[in-house]
Each structure stands twice: as C-alpha cells, then as structure tokens.
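# Coordinate analysis (summary)
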Amino acid sequence: MSLENKNIDGEGINASQKKETALANLKYLIVGIFFGIVFVKAEIISWFRIQEMFNLESFHMYGVIGCAVAVGLISVQLIKKFNIKTLDGEKIEIQPKTFNKGQIYGGLLFGFGWAITGACPGPLFAQIGTGATVIVVTLVSAIAGTWVYGLIKDKLPH
C-alpha cells in the first residue's frame with residue numbers, strides 16, 4: 001500500500017488543479033508574515049517558553065497547542081458536515097489515516113529535536129526574522145533531515 005495519495009496526474013489528492021502565478025502567491029506571503037507576527041506577539045516561538053513547556057513549568061504552550069487541536073478538530077468536523085469547498089470551489093477530501101508505530105518514533109525524534117533546539121519547524125522563519133540567526137542551523141538541519149528521509153523512505157518499514 002502506498003503512503004502517498006495521488007490522482008491520475010501524479011498530484012496529491014488535495015492538490016489544487018488551479019495553477020497560480022507568482023504574483024497570486026503574494027497573498028500567502030502576506031498571511032505568513034501576519035502569522036509570524038502573531039507567533040512573536042504570543043511568545044510561542046520564544047526559546048524560553050518552549051523550555052518552560054518541556055520542563056513542565058508553565059501552561060502557556062500547552063494552552064496554545066490545546067486550542068490549536070480544538071480548532072482543528074472543530075474545523076475538520078465542519079468541513080465534513082457541511083461539505084465545505086475551497087475558495088475555488090474544489091472539493092476537500094480528507095483521507096482516512098492509519099496508525100503506524102513509526103509515528104511514535106518520529107514523534108519522539110521530533111520532540112527531542114524541539115526540546116534540544118527550542119525551535120519547532122513551523123515558526124523557524126519567524127524566529128530567524130526576530131534576529132535569532134542561530135536558528136539557521138536548525139533550519140538547515142531540518143531541510144537536510146527531510147532530504148535524507150526522501151532518499152531512504154522506500155527502504156524504511158512503513
């Protein structure tokens with residue numbers, strides 16, 4: 001069984017069929033910058049907040065993560081219940097997920113990396129943007145790890 005859900009064109013099942021120009025993608029850059037500002041103001045990219053979380057000294061990060069999980073759960077249920085489509089009118093297909101013990105290993109590796117570096121992969125650019133240039137090492141490491149996984153994924157037990 002393939003882990004990748006592809007349509008007949010080789011695109012991902014949820015891949016948009018609409019091709020956007022570079023200028024049209026500007027909206028994503030603007031939303032990303034806004035999202036980064038929110039991350040900075042909420043202190044969720046702070047190395048100190050991340051260390052507080054892993055040392056069980058503060059509820060701040062657990063509250064943010066819990067709220068994100070709740071919003072995600074509610075959003076997915078609303079998408080399924082009301083058959084919500086994309087802004088371009090395309091159907092949103094949510095594929096069923098199967099459990100794999102590799103997810104435990106991957107989650108532990110991800111958590112260890114997050115605890116050691118104080119940087120989650122999501123807001124790396126926001127951290128760099130605040131002047132924490134040492135995070136470039138984490139960014140390069142994340143890219144290298146993704147590249148290595150791409151090379152060896154077919155040899156791994158999925």
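The structure displayed is predicted, hence computed values, not measured ones.

Checked against the element boundaries, Gln-127 lands in helix H5 (residues 124-129). From its side chain, Gln-127 meets the backbone oxygen of Ile-45 in a polar contact 2.7 Å long. Setting aside residues up to four positions removed in sequence, Gln-127 forms contacts with Ile-45, Ile-50, Gly-118, Ala-119, Ala-132 and Ile-135.

What follows covers the UniProt feature "transmembrane region" (unreviewed entry) in the chain. Mapped onto the present numbering, the UniProt feature "transmembrane region" (unreviewed entry) falls at residues 28-48, 60-79, 104-126 and 132-152. Along residues 28-48 one finds 76% helix and 0% strand; the C-alpha atoms at either end are 29 Å apart. Within residues 60-79, the helical portion is 100% and the strand portion 0%, while the C-alpha atoms at the span's ends are 29 Å from each other.

Taking 1.5 Å per residue, 18 residues should reach 26 Å; helix H6 (residues 135-152) reaches 26 Å between its end C-alpha atoms and fits that length. The set of residues buried in H6 consists of Ile-135, Thr-138 and Leu-139. Seen from one end, H6 has its buried residues packed into an arc of 105°, which puts them on one side. Turned more than 90 degrees away from the buried face of H6, the exposed residues are Val-137, Val-140 and Trp-147. The inward-facing, buried residues of H6 contact helix H4 (102-117) and H5.

Conventions and cut-offs
- Residues numbered from 1 in each chain as written.
- Predicted model: local features only at pLDDT ≥ 70, side-chain atom pairs only at ≥ 80, totals over all residues.
- Heavy atoms only, no water.
- Helix = DSSP H or I, 4+ residues; strand = E, 2+ residues; numbered from the N terminus.
- Polar contact = N/O pair within 3.5 Å; in protein donor to acceptor, adjacent residues only side chain to side chain.
- Contact = heavy atoms within 4.5 Å.
- UniProt positions renumbered as here; feature names shortened; annotations may be inferred.
- Expected span 1.5 Å × (residues − 1).
- Buried < 20%, exposed > 50% of the residue type's maximum accessible area, 1.4 Å probe, protein only.
- Arc of directions from axis to C-beta.

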